[in-house]
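# Working through the structure, step by step
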Amino acid sequence: MDSSSAARRRINAIHSHLVTSSRSSPLLRSNPTAGEFCLDNGYSVVLPEKLSTGNWNVYRSARSPFKLVSRFPDHPDIATLHDNFEHAVHDFRDYKYLGTRVRVDGTVGDYKWMTYGEAGTARTALGSGLVHHGIPTGSSVGIYFINRPEWLIVDHACSSYSYVSVPLYDTLGPDAVKFIVNHATVQAIFCVPETLNSLLSCLSEMPTVRLVVVVGGLNESLPSLPPSAGVKVVSYSVLLNQGRSNPQPFSPPKPDDVATICYTSGTTGTPKGVVLTHANLIANVAGSSYSVKFFSSDVYISYLPLAHIYERANQILSVYFGVAVGFYQGDNLKLLDDLAALRPTVFSSVPRLYNRIYAGITNAVKTSGGLKERLFNAAYNAKKQALLNGKNASPIWDRLVFNKIKDRLGGRVRFMTSGASPLSPEVMDFLKICFGGRVAEGYGMTETSCVITGMDEGDNLTGHVGSPNPACEVKLVDVPEMNYTSADEPHPRGEICVRGPIIFSGYYKDEVQTREVIDEDGWLHTGDIGLWLPGGRLKIIDRKKNIFKLAQGEYIAPEKIENVYAKCKFVGQCFIYGDSFNSSLVAVVSVDPDVLKSWAASEGIKHGDLRELCNNPRVKAAVLSDMDSVGREAQLRGFEFAKAVTLVLEPFTLENGLLTPTFKIKRPQAKEYFAEAITNMYKELAASDPTANKAL
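Every chain is numbered independently, its residues counted from 1 as its sequence is written. Local features in this predicted model are restricted to residues of pLDDT 70 or higher, and side-chain atom pairs are both shown and tallied only at a pLDDT of 80 or more, whereas totals for entire chains, interfaces and linings draw on every residue. Based on all heavy atoms of the structure, the side-chain values leave hydrogens and waters out of the count.

## Re the overall build of the protein chain
- Only DSSP runs of H or I with at least four residues qualify as helices, and only runs of E with at least two residues qualify as strands; both kinds are numbered from the N terminus onward. Tallying secondary structure elements over the protein chain gives 22 helices and 29 strands in all.
- Per-residue accessibility, obtained with a 1.4 Å probe over protein chains only, is compared with the maximum for each type, and a residue is labelled buried under 20%, exposed over 50%, and partly exposed between these values. Sorting the 696 residues of the protein chain into buried and exposed places 53% on the buried side.
- We call two residues in contact whenever any of their non-hydrogen atoms come within 4.5 Å of each other. Once local pairs closer than 6 in sequence are excluded, the contacts in the protein chain between residues at least 24 apart make up 64%.
- Of the roughly 31100 Å² of accessible surface on the protein chain, 52% is carried by carbon and sulfur atoms. Accessible surface area values rest on a Shrake-Rupley calculation with a 1.4 Å probe, where residue burial reflects the displayed protein chains alone.

This is the structure we're talking about:
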């Protein structure tokens, strides 16, 4: 059989699986390894990976099984972010685009809007202004402020004039900002009055900066730097006027040109610059558009940090569909008020915020008691049962109960997304029932331009992160040292690896770390451990390295923190624990018995034995206080501090299975060993945190 016949045979085989289930070959169904491709219950297509192992473990989206998506199916001419915005300016010129709340007599009022056409004009003026100031094409431009319309206009200007945008954000700290500016050779920085002084104070240590643009500042109040400084400081409005007076033609980028360098906070050492091209970002969002449909009538609220890839990808998708984007005031505690004023139809968030919504509503129901509590429970159970059966619940429940809850997010939300860390199945079900509409969870990272997998529409199973983005393929690679293999029953397990046009081009100026994560076949090794559920859905179950995320998306390197706390006088050994369902760390400390006895005697604390002493609240508080002091001295970041501690007398040893032969903590074993203590610490923290439900 010649090659063309073989290719046709393979196409016919996969076509028979994709048309309808009734027309699929029963022989192929009962023996999925009989053909080049097989469809696994509708979400993913499984391909054979041509490796020595011969494992059939590469998954693609069933939405595009023949090839990986790199462009929007309806607009294949959109190859760059500049093309994407030009498409929006042309097709949605008079539609609302960027909205902010205006202040009238000191009171925050309704949203005022800039259209796509007006934003396009501002973009051109801004880019022309940068050219007028002699910023060369290809230069890096820093954006040093939180979400507001100017952030996106600067980003669009960078795309249209072939500049590289470099987000800067306060949570990295001033030293990290200085490092990024120098590392990325940033020549122009956009900031706000609040960040101007800290920027100017270290300007002498950032020799590449030539222009500082202050957004929201009055030009007459800006400092005038001496000519010897070689840096000009101008207001945003002045730069716009200069650009209007000196219009410049676009310098459109090529698809493989760098669009942005996103610096990740990392876990140890200096931030790493993730280099993303225009082609990377367009491919990722184009793939997402197969299952996520926005409309020009949609309204999106922007409050997730634009410096992070999650919000950035949402904005690219919003532009493609002509969505109106309203910005929050900049204060999370006022987010409810912004939601009431904007009434968005699309709401993207992270588990930490959804957990607060869940806790706030459930606590309110419990405290209401009586008839209200019984009514809520009846409505909740009825709607949950209908959802499980694929039916629509009676609209009476929405009118009686759930419409009031929907009003907390403005009353119009039809689509909710969750990312950054896992959302518990209980909370996801709760959101579906209380708010209606679609709730989708996804999985991704900066290095993949955002989405790797996402939940498909109509998939009511929770506890997973969906099937592959049509713009990539995913496989699980054996991790024998952790007992994760493709032969595991009932589900294959291994390290999640990703390949396709969404994969970043490397860490900026860091070939060594780039080679550590991208292998010679182009697979990005994520470090996350996953398993395949039926239907080709991916579930995240572990980390390959001892690094994990907290609920708010911050990465934690526990060894670093344990090494800091080892300096505490009370600490013999320390085990730091956290997970993506909680926003705080907790610690199990094997105490130094001599130090503990001596301290107790000096404090006049009487005790029967040392075990009793370990359970004494006053002793726990003293140990935690000492750990806090050492942590501050070591300049741990806020989320790196342990918020609760359990004291134990038993040391971690080889004999009790808590240490490796090289005396490293066995984390999975320690987690299991101290499971009860960990659960109790998180219960104590939940009970003692009065602010848990304040934001939402």
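## Considering the pairing of strand β20 (residues 473-477)
- Of all five residues in β20, four are buried, a share of seventy percent or more.
- By the convention used here, strands pair only if DSSP detects at least 2 bridges between them. Of the strand pairs in this sheet, strand β3 (residues 58-61) and β20 are connected by two bridges, and their pairing is antiparallel. What sits directly across from Val-58, in β20, is Lys-475.
- Inspection of the sheet shows β20 paired to strand β21 (residues 493-499) by five bridges, in the antiparallel sense. Within the sheet, the bridge partner assigned to Leu-476 lies in β21 and is Ile-496.

## What about the pairing of strand β11 (residues 258-264)?
- Where burial is concerned, most of β11 is hidden: six out of the seven residues are buried.
- With six bridges joining them, β11 and strand β12 (residues 272-277) adopt antiparallel strand pairing. Its bridge partner being in β12, Tyr-263 is matched across the sheet by Gly-273.

## Overview of the nonpolar core
- We define the nonpolar core as a collection of buried residues of types Ala, Val, Leu, Ile, Met, Phe, Trp, Tyr and Cys that are connected through side-chain atoms lying within 4.5 Å of one another. In this structure, Phe-190, Phe-347, Phe-376 and Phe-402 are the most contacted members of the largest nonpolar core, which totals 125 residues.
- Looking at which element gives the most residues to this core, the answer is helix α10 (residues 309-321), with eight residues.
- In contact with Phe-347, not counting residues within four places along its chain, are Ile-301, Tyr-303, Leu-339, Leu-353, Tyr-354, Leu-409, Val-413, Phe-415, Met-416 and Thr-417.
- The next biggest cluster of nonpolar side chains, apart from the first, holds 34 residues, and it includes Leu-550, Val-589, Leu-610 and Phe-639.

## Focus: the packing of helix α3 (residues 81-91) against α10
- For the pair α3 and α10, interaxial distance at closest approach is 7 Å and the crossing angle is 40 degrees. Accordingly, the angle class assigned to the pair α3 and α10 is oblique. Touching Leu-81, Asn-84, Phe-85, His-87 and Ala-88 of α3 are Ile-316, Val-319 and Tyr-320, all from α10. The axes used here are C-alpha line fits, helices contributing only the stretch in contact, and every angle between their N-to-C directions lies in the interval 0 to 180 degrees. For classification purposes, angles smaller than 35 degrees are called roughly parallel, those larger than 145 roughly antiparallel, those between 65 and 115 roughly perpendicular, and all remaining angles oblique.

## Some words on the sheet that holds strand β28 (residues 585-591)
- Pairing within the open sheet is mixed, and its three strands lie in the order β27-β28-β29. The sheet is open, and its two edges are formed by β27 (571-577) and β29 (642-648), each paired on a single side. Across this sheet, the average inter-strand angle for adjacent strands is 25 degrees, counted without regard to direction.
- Note that β27 and β28 share six bridges and pair antiparallel. Residue pairing for β28: Tyr-577 is matched across the bridge by Val-586.
- On top of the sheet, helix α17 (residues 558-565) reaches β27, β28 and β29; it is set at about 155 degrees to β27, its chief contact.
- Together, β27, β28 and β29 form the strand contacts of helix α20 (residues 617-633), whose direction differs from that of β29 by roughly 125 degrees.

## Considering the packing of aromatic side chains
- Centres within 6.5 Å are what make two rings of Phe, Tyr or Trp a pair, Trp counting through its six-membered ring; a difference in plane orientation under 30 degrees is then read as stacked, over 60 as edge-to-face, and the rest as tilted. Counted under the stated rule, the structure contains 24 aromatic pairs.
- Centre to centre, the rings of Tyr-303 and Tyr-328 are 6.3 Å apart; their planes meet at 65 degrees, and the pair counts as edge-to-face. Of this pair, Tyr-303 sits in the loop between β13 (299-302) and α10 while Tyr-328 sits in the loop between β14 (324-327) and α11 (335-342); the two residues are 25 residues apart in sequence, bridging distant segments of the chain. Each member of the pair Tyr-303 and Tyr-328 is classed as buried.
- Where Phe-652 meets Phe-674, the ring centres are 5.7 Å apart and the plane angle is 55 degrees; that geometry is what we call tilted. You can see Phe-652 sitting in the loop between β29 and α21 (667-673) and its partner Phe-674 sitting in the loop between α21 and α22 (675-688), a full 22 residues away along the chain.
- Through a chain of ring-to-ring contacts, the aromatic side chains of Phe-72, Phe-294, Tyr-320, Phe-321 and Phe-415 assemble into a single cluster.

## Here's the deal with the packing of helix α13 (residues 370-388) against helix α15 (residues 425-435)
- Remark: α13 packs on α15, axes separated minimally by 10 Å, with the N-to-C direction vectors making an angle of 105 degrees. The orientation of α13 relative to α15 falls into the category roughly perpendicular. Here α13 contributes Phe-376, Tyr-380, Lys-383, Lys-384 and Leu-387 to the contact with α15, which in turn contributes Asp-429, Phe-430, Lys-432, Ile-433 and Cys-434.
- In this classification, Asp, Glu, Lys and Arg are treated as charged, Ala, Val, Leu, Ile, Met, Phe, Trp, Tyr, Cys and Pro as nonpolar, and every other residue, Gly included, as polar. Taken together, the residues of the contact of α13 with α15 break down into six nonpolar, no polar and four charged.

## Concerning helix α8 (residues 236-245)
- Listed in full, the buried residues belonging to α8 are Tyr-236, Leu-239, Leu-240 and Gly-243. When α8 is viewed along its axis, its buried side chains cluster within an angular range of 100 degrees and face the same direction.
- Summarising the contacts, the buried residues of α8 are in contact with α4 (116-132), α5 (149-160), β8 (186-191), β9 (211-214) and β10 (232-235). To obtain the arc, one takes the directions from the helix axis to the C-beta atoms.

## Quick notes on α15
- With nine of eleven residues buried, α15 lies mostly within the body of the structure.
- Listing the buried residues of α15 in full gives Val-427, Met-428, Asp-429, Phe-430, Leu-431, Lys-432, Ile-433, Cys-434 and Phe-435.
- On the buried face of α15, the contacting elements are α12 (351-368), α13, α14 (396-406), β16 (415-418) and β17 (438-445).
- Directly beyond the C-terminal end of α15, a positive phi value near 65 degrees is found at Gly-436.

## Some points on unusual backbone geometry
- In this model, Glu-489 is joined to Pro-490 through a cis peptide bond whose omega is 5 degrees.
- Mapped onto the fold, Pro-490 is located in the loop between β20 and β21.
- Phi at Cys-450 is positive, roughly 120 degrees, even though this residue is not glycine.
- With respect to the secondary-structure elements, Cys-450 resides in strand β18 (residues 450-454).

## Overview of the confidence of the model for the protein chain
- Looking at the protein chain, the pLDDT average stands at 87 and 90% of residues meet or exceed 70.
- Below a pLDDT of 50 lies the segment residues 3-7, which in the model reaches one contact outside its immediate sequence neighbourhood of four places, other chains included.
- A residue's pLDDT is simply how confident the predictor is in it, with values from 0 to 100. Taken as a whole, residues 690-696 scores under 50 in pLDDT and shows 18 contacts with residues more than four places along the chain or in a different chain.

## Here we look at the pattern of salt bridges
- By convention in these notes, a salt bridge is any Lys or Arg side-chain nitrogen within 4 Å of a carboxyl oxygen on Asp or Glu. Inspection of the entire model under this criterion finds 20 salt bridges.
- Here Arg-63 makes a salt bridge to Asp-456, at a shortest N to O gap of 3.4 Å. Of this pair, Arg-63 sits in the loop between β3 and α3 while Asp-456 sits in the loop between β18 and β19 (467-468), and the two are 393 residues apart along the sequence.
- With relative accessibility at 9%, the residue Asp-456 sits in the buried group.
- Across the pair Glu-640 and Lys-560 runs a salt bridge, and its minimum N-O distance is 2.7 Å. Within this pair, whereas Glu-640 is found in the loop between α20 and β29, its partner Lys-560 is found in helix α17, the two being separated by 80 residues in sequence.
- One continuous salt-bridge network, built from bridges that share partners, spans Arg-60, Glu-473 and Arg-499.

## Overview of a nonpolar patch on the surface
- Within this analysis, patches are made of residues with over 30% relative accessible area and no salt bridge. Like charges are joined at 9 Å or less; nonpolar side chains (Val, Leu, Ile, Met, Phe, Trp, Tyr) at 5 Å or less. A cluster of nonpolar side chains, namely Leu-375, Ile-396 and Leu-400, defines an oily patch on the protein surface of about 210 Å² accessible area.
- On the secondary structure map, Leu-400 appears in helix α14.

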